[in-house]
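Here are the chains, one letter per residue:
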Amino acid sequence: MASLRTEVLSVYRTILRTARTWRSLSGSQQETQEEVKYIREEARTLFKKNKYLTDEEQIRQCIREAETRIELAHHYGIPYPRPVNLPPMGLGGPQRKGKKLQERLRHQAKPVYLHSHEEIEK
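Labelled according to an unreviewed UniProt entry, the protein chain appears under the name LYR motif-containing protein 1-like, originating from Branchiostoma floridae. Listed under Sequence similarities (unreviewed entry) in UniProt, the entry text for the protein chain is "Belongs to the complex I LYR family."

## Focus on helix 2 (residues 29-49)
Taking 1.5 Å per residue as the helical rise, helix 2 with its 21 residues ought to reach 30 Å, and the 30 Å between its terminal C-alpha atoms agrees with that figure. Where helix 2 is concerned, the buried positions are Thr-32, Glu-35, Val-36, Tyr-38, Ile-39, Glu-42, Ala-43 and Leu-46. Projected down its long axis, helix 2 shows its buried positions confined to an angular sector of 155°, all on one face. Exposed side of helix 2, more than 90 degrees from the buried face: Gln-29, Gln-30, Gln-33, Lys-37 and Lys-48 are the residues found there.

## Thoughts on the packing of helix 1 (residues 2-21) against helix 2
Two elements in contact, helix 1 and helix 2, have axes separated by 8 Å at closest approach and are oriented at 165°. One finds that helix 1 runs roughly antiparallel with respect to helix 2. For the element pair helix 1 and helix 2, the recorded crossing hand is left-handed. Contacts between helix 1 and helix 2 involve Val-8, Val-11, Tyr-12, Ile-15, Ala-19 and Arg-20 on the former and, on the latter, Val-36, Ile-39, Arg-40, Ala-43, Arg-44 and Phe-47. Across the contact of helix 1 with helix 2, the residue classes break down as nine nonpolar, no polar and three charged.

## Thoughts on a positive patch on the surface
A grouping of Arg-13, Arg-17, Arg-20, Arg-40, Arg-44, Lys-48 and Lys-51 is seen on the molecular surface, where their side chains present a positively charged patch. Within the fold, Lys-51 resides in the loop between helix 2 and helix 3 (56-76). Under the relative-accessibility criterion, Lys-51 is labelled exposed at 56%.

## Structural notes on the packing of aromatic side chains
Counting across every chain of the model gives two aromatic pairs. Both rings, one in Tyr-12 and one in Phe-47, keep their centres 4.6 Å apart while their planes meet at 65°; by these two values the pair is edge-to-face. Residue Tyr-12 is located in helix 1, and its partner Phe-47 is located in helix 2; the two are separated by 35 residues in the primary sequence. By relative accessible area, Tyr-12 is classed as partly exposed at 23%. The class for Phe-47 is partly exposed, based on a relative accessible area of 26%. Aromatic side chains Tyr-38 and Tyr-80 sit 4.6 Å apart centroid to centroid with 55° between the ring planes, which places their arrangement in the tilted category. Here the residue Tyr-38 occupies a position in helix 2, and Tyr-80 occupies one in the loop between helix 3 and helix 4 (99-109), the gap between them amounting to 42 residues. With relative accessibility at 19%, the residue Tyr-38 sits in the buried group.

Conventions and cut-offs
- Residues numbered from 1 in each chain as written.
- Predicted model: local features only at pLDDT ≥ 70, side-chain atom pairs only at ≥ 80, totals over all residues.
- Heavy atoms only, no water.
- UniProt positions renumbered as here; feature names shortened; annotations may be inferred.
- Helix = DSSP H or I, 4+ residues; strand = E, 2+ residues; numbered from the N terminus.
- Expected span 1.5 Å × (residues − 1).
- Buried < 20%, exposed > 50% of the residue type's maximum accessible area, 1.4 Å probe, protein only.
- Arc of directions from axis to C-beta.
- Axes fitted to C-alpha atoms, helices over the stretch in contact; angles between N-to-C directions.
- Parallel < 35°, antiparallel > 145°, perpendicular 65-115°, else oblique.
- Left-handed = near helix turned anticlockwise from the far one by under 90°.
- Contact = heavy atoms within 4.5 Å.
- Nonpolar A, V, L, I, M, F, W, Y, C, P; charged D, E, K, R; others polar.
- Patch = residues over 30% accessible without salt bridge, like charges linked within 9 Å, V, L, I, M, F, W, Y side chains within 5 Å.
- Areas by Shrake-Rupley, 256 points an atom, 1.4 Å probe, with all protein chains shown as cover.
- Salt bridge = Lys/Arg side-chain N within 4 Å of Asp/Glu carboxyl O.
- Lys, Arg positive; Asp, Glu negative; His and termini not counted.
- Charge placed at Lys NZ, Arg CZ, Asp CG, Glu CD.
- Phe/Tyr/Trp six-rings, centres within 6.5 Å; stacked < 30°, edge-to-face > 60°.

Printed below as a string of structure tokens:
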């Protein structure tokens, strides 16, 4: 558990370092400040929300999500999660199963970097 704590703190420091050196794609000072504020608030909110997690697998999943979001932010130059475009009833399956199957398939198809994003919006 101590190594997980070290990993979590390392990811948190990486996020804060990213926020410190962040520049928006437009180069606008105002947009840069807004994006830096978003990065810090998002990190603070998610880390506080997950503060009491004890299950190692859940903690590892959160670490993977954070690392993925950091990589995507650096790659695309935007700190916001990239939406996934899935049509409402676009996943296959027997028609008689209906909406429950569709919801389960949509949940399984959701990328790792969006798991906590929708929880915060609710």
